Amino acid sequence: MGAAKFHSRKSDVSPRKAVGNAVRIGFSVFFDPSDAPSPDRIAAFSVPAHPPRTPAAMAALLRPVLSRLRGLPGLPRPAAEMPLRARSDGAGPLYSHHIPTSPLQKALLAAGSAAMALYNPYRHDMVAVLGETTGHRTLKVLRDQMRRDPEGAQILQERPRISTSTLDLGKLQSLPVGSLGREYLRFLDVNRRDFTILVRLALNSSGDPPASASQSAGIITRVSPDTRAPTRFVDDEELAYVIQRYREVHDMLHTLLGMPTNILGEIVVKWFEAVQTGLPMCILGALFGPIRLGAQSLQVLVSELIPWAVQNGRRAPCVLNLYYERRWEQSLRALREELGITAPPMHVQGLA
């Protein structure tokens, strides 16, 4: 899609109303870029009706529009013009899926993704964009912590990935009950079954398959090693791997903490991650996630689960420094003792 051409023509719309309409269409396209309006619709300031949402398309749309602002004084230079430690030629992508963006573009992406993530916490694509556009300084701190730790430094050097193509599921299934690998596999299997049940319930009631389990019941989201979005908006190759690693070990934290993937369990894990990492998206999720809870779950969260998550997050060493792939055989109980993680104060599977 080429850059839209703005036509100057007379209109009966007042300047103030025109500006308001322009802002509305801008944010509508920002949230839903794959349904970008035609030049005629832009000129008429009409709003798209039901566009889909794609993070990559957001940046693709913003890039040609915001490039018009490059020449204005006082605006930050685009990422392609800024010196980066990991960049050798001064321009172009730094890694697979990388989309270079300017600070202004990152600010717009952060605002839009934050709004969408708060509206629907199961929009993992929006949560991913929020983490990438707001966590640069925190990612540098986490990267430095990994460099200082022998196990973490080895992870940074070897760059292991967690996906169905790298996991030996047969080996994990053959491990003893109670081992990290076996319990991680059980976690994935339990959530897969829950997702299938919810989809069947939704099909029985409406006949149309939901896009996700969260849309059918609002409780459990589908979990697999391949559901984590690739990093796109981090302008440093090593930091991009750090946040990718954080995403891929998220399910390990559910296993370590004994938390399900319902709303309450996700919020508890976010409190643990907020203390552990300091990432802005984790802090926002921890603070605003409880808005969606019922009174009973909120009381349990505030009185018991948040203090437990904060205490364990402070006591445990950086969980990014664990080479989980080489600890599959280790007992989950022994690993929890090594990290100083205690059992949760209650069973939260039935709460939401």
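Sequence positions are assigned chain by chain, starting from 1 and proceeding in written order. Where local features are concerned, this predicted model is filtered to residues with pLDDT of at least 70; where side-chain atom pairs are given and counted, the filter is 80 or more; whole-chain, interface and lining totals use all residues. Calculation of side-chain values draws on the structure's entire complement of heavy atoms; hydrogens and water are dropped beforehand.

**Q** I keep staring at the overall build of the protein and nothing clicks. Help me out?
**A** On a plain count of helices and strands, the protein comes out with 16 helices and 0 strands. Between buried and exposed lies partly exposed: a residue is buried under 20% and exposed over 50% of the maximum accessible area for its type, with that area taken using a 1.4 Å probe on protein chains only. Counting only residues that meet the buried cut, the protein has 48% of its 352 residues in that class. Summed over its atoms, the accessible surface of the protein is roughly 17,700 Å², and 56% of this surface lies on carbon and sulfur atoms. Strands are runs of DSSP state E lasting at least two residues, helices are runs of H or I lasting at least four, and both sets are numbered from the N terminus onward. Residue-level accessible areas treat just the shown protein chains as cover; the underlying method is Shrake-Rupley with a 1.4 Å probe.

**Q** What exactly am I supposed to notice about the packing of helix α13 (residues 263-277) against helix α15 (residues 295-315) here?
**A** When two helices pack together, you describe them by how their axes are tilted relative to each other and by the distance separating the axes. All axes here are fitted lines through C-alpha atoms, helices being fitted over the stretch that makes contact, and every angle between N-to-C directions spans 0 to 180 degrees. Where α13 contacts α15, the axes come no closer than 8 Å and their chain directions differ by 35 degrees. α15 is crossed by α13, and the crossing has right-handed handedness. On the side of α13, the interface is formed by L264, I267, V268, W271, F272, V275 and Q276, while α15 contributes S297, L301, L305, I306, W308, A309, V310, N312, G313 and R314. Its residues assigned to classes, the contact of α13 with α15 comprises 12 nonpolar, 4 polar and 1 charged. Should the near helix be turned anticlockwise from the far one by less than a right angle, the crossing is left-handed, and should it be turned clockwise, the crossing is right-handed. Any two residues whose heavy atoms approach within 4.5 Å are treated as being in contact. Think of it as three bins: nonpolar holds Ala, Val, Leu, Ile, Met, Phe, Trp, Tyr, Cys and Pro, charged holds Asp, Glu, Lys and Arg, and polar takes everything else, Gly as well.

**Q** For this particular structure, what's the right way to read empty space enclosed by the protein?
**A** Gaps left between atoms are located by rolling a probe of water-molecule size over the structure's atoms. Lining residues are defined by having an atom within 4 Å of a point belonging to a cavity or pocket. Those points lie on a 1 Å grid over the protein atoms alone, cavities being sets where a 1.4 Å probe fits but cannot get out and pockets being open sets with protein on both sides within 12 Å along at least five of seven lines. Grid points are joined across faces, edges and corners, and a volume is the space filled by probe spheres set on the points. Going through the model one piece at a time under the given rule, you end up with 4 cavities of 30 Å³ or more. Of the pockets and cavities examined, the largest cavity occupies roughly 550 Å³. Around the largest cavity, the lining comprises 24 residues; the ones closest to its centre are P121, H124, V127, E266 and K270. Elements represented by at least two residues in the lining of the largest cavity include exactly α4 (103-119), α5 (124-134), α11 (237-248), α13 and α14 (280-288). Residue classes in the lining of the largest cavity are distributed as 14 nonpolar, 5 polar and 5 charged.

**Q** Looking at this model, I keep getting lost on unusual backbone geometry. Mind explaining?
**A** Most of the time, phi is negative for any residue but glycine, and the peptide bond is trans. One non-glycine residue, H97, lies in the positive phi region at around 75 degrees. You can see H97 is positioned in the loop between α3 (55-66) and α4. Its relative accessible area of 48% is what places H97 among the partly exposed residues.

**Q** Explain the environment of D251 to me, please; I cannot follow it from the model alone.
**A** Within the secondary structure, D251 is located in helix α12 (residues 250-257). Judged by relative accessible area, which is 2%, D251 ranks as buried. Residues D251 and L188, 63 residues apart in the sequence, show an inter-C-alpha distance of 8.3 Å.

**Q** I'm lost on the confidence of the model for the protein in this one. Help?
**A** A low pLDDT score tells you not to read the predicted coordinates there in detail. Values of pLDDT, ranging from 0 to 100, describe the predictor's confidence in every residue of the model. Confidence in the prediction of the protein, expressed as mean pLDDT, is 74, and 64% of residues score 70 or more. The least confident element of the protein is helix α10 (residues 213-217), whose mean pLDDT is 39; the most confident is helix α7 (residues 150-158), at 97. For residues 1-53, every residue scores under 50 in pLDDT, and the model assigns this stretch 65 contacts once sequence neighbours within four places are set aside. Scored below 50 in pLDDT, residues 64-90 shows 40 contacts in the model against residues more than four places distant or in partner chains.

**Q** When you look at the pattern of salt bridges in this model, what are you seeing that I'm missing?
**A** We count a salt bridge whenever a side-chain nitrogen from Lys or Arg sits within 4 Å of a carboxyl oxygen from Asp or Glu. Considering all chains together, one arrives at 15 salt bridges under this definition. Notably, a salt bridge pairs E238 with R147, separated by 2.5 Å at the nearest N-O pair. Taken together, the residues E238 in helix α11 and R147 in helix α6 (residues 136-148) connect sequence positions 91 residues apart. One salt bridge connects R327 with E338, and the closest N-O pair in it is separated by 3.1 Å.

**Q** How should a nonpolar patch on the surface be read in this particular structure?
**A** Exposure above 30% relative accessible area and the lack of any salt bridge qualify a residue for a patch; like charges then connect within 9 Å, and the nonpolar side chains Val, Leu, Ile, Met, Phe, Trp and Tyr within 5 Å. Where nonpolar side chains cluster on the molecular surface, the patch consists of L118, I283, L284, L287, F288 and I291 and spans about 540 Å² of accessible area. The element best represented in the nonpolar patch is α14, accounting for 4 residues. Structurally, I291 is set in the loop between α14 and α15. Judged by its relative accessible area of 64%, I291 is exposed.

**Q** Looking at this model, I keep getting lost on the packing of α12 against α13. Mind explaining?
**A** Where α12 meets α13, the closest approach of the two axes is 10 Å, and the angle between their N-to-C directions is 105 degrees. Comparing the axis directions of α12 and α13 gives the class roughly perpendicular. When α12 is examined against α13, the residues H250, L253, H254 and L257 are found in contact with a partner set consisting of G265, E266, V269, K270, F272 and E273. Its residues assigned to classes, the contact of α12 with α13 shows 4 nonpolar, 3 polar and 3 charged. For classification purposes, angles smaller than 35 degrees are called roughly parallel, those larger than 145 roughly antiparallel, those between 65 and 115 roughly perpendicular, and all remaining angles oblique.

**Q** Can you walk me through the side chain of Q244 in this structure?
**A** Here Q244 lies in helix α11. Residue classification places Q244 among the buried residues on the basis of a relative accessible area of 6%. Separated by 2.9 Å, the side chains of Q244 and T231 make a polar contact. Excluding residues within four positions of it along the chain, Q244 makes contact with R161, R228, A229, P230 and T231. Here a polar contact means two N or O atoms within 3.5 Å. Within protein one must be a hydrogen donor candidate and the other an acceptor candidate, and residues neighboring in sequence count only if both atoms are side-chain atoms.

**Q** How should the environment of R192 be read in this particular structure?
**A** Inspection of the secondary structure puts R192 in helix α9 (residues 180-206). Separated by 32 residues in the primary sequence, R192 and S224 have C-alpha atoms spaced 7.8 Å apart.

**Q** Explanation requested: the packing of aromatic side chains in the structure shown.
**A** Here a pair means two rings of Phe, Tyr or Trp (six-membered ring of Trp) with centres within 6.5 Å. Their orientation is stacked below 30 degrees between planes, edge-to-face above 60, and tilted elsewhere. Here the structure, examined in full by the defined rule, presents 1 aromatic pair. Between the aromatic rings of Y184 and W328, the centroid separation amounts to 5.6 Å while the plane-to-plane angle is 20 degrees, which identifies the pairing as stacked. Taken together, the residues span a long stretch of sequence, with Y184 in helix α9 and W328 in the loop between α15 and α16 (332-339) at a distance of 144 residues. Taking relative accessible area as the criterion, W328 reaches 6% and is therefore assigned buried. Whether a charge sits over a ring comes down to the Lys NZ or Arg CZ being within 6 Å of the ring centre and within 35 degrees of the ring normal. Between R326 and the ring centre of Y323, over which it is positioned, the NZ or CZ distance is 4.4 Å.

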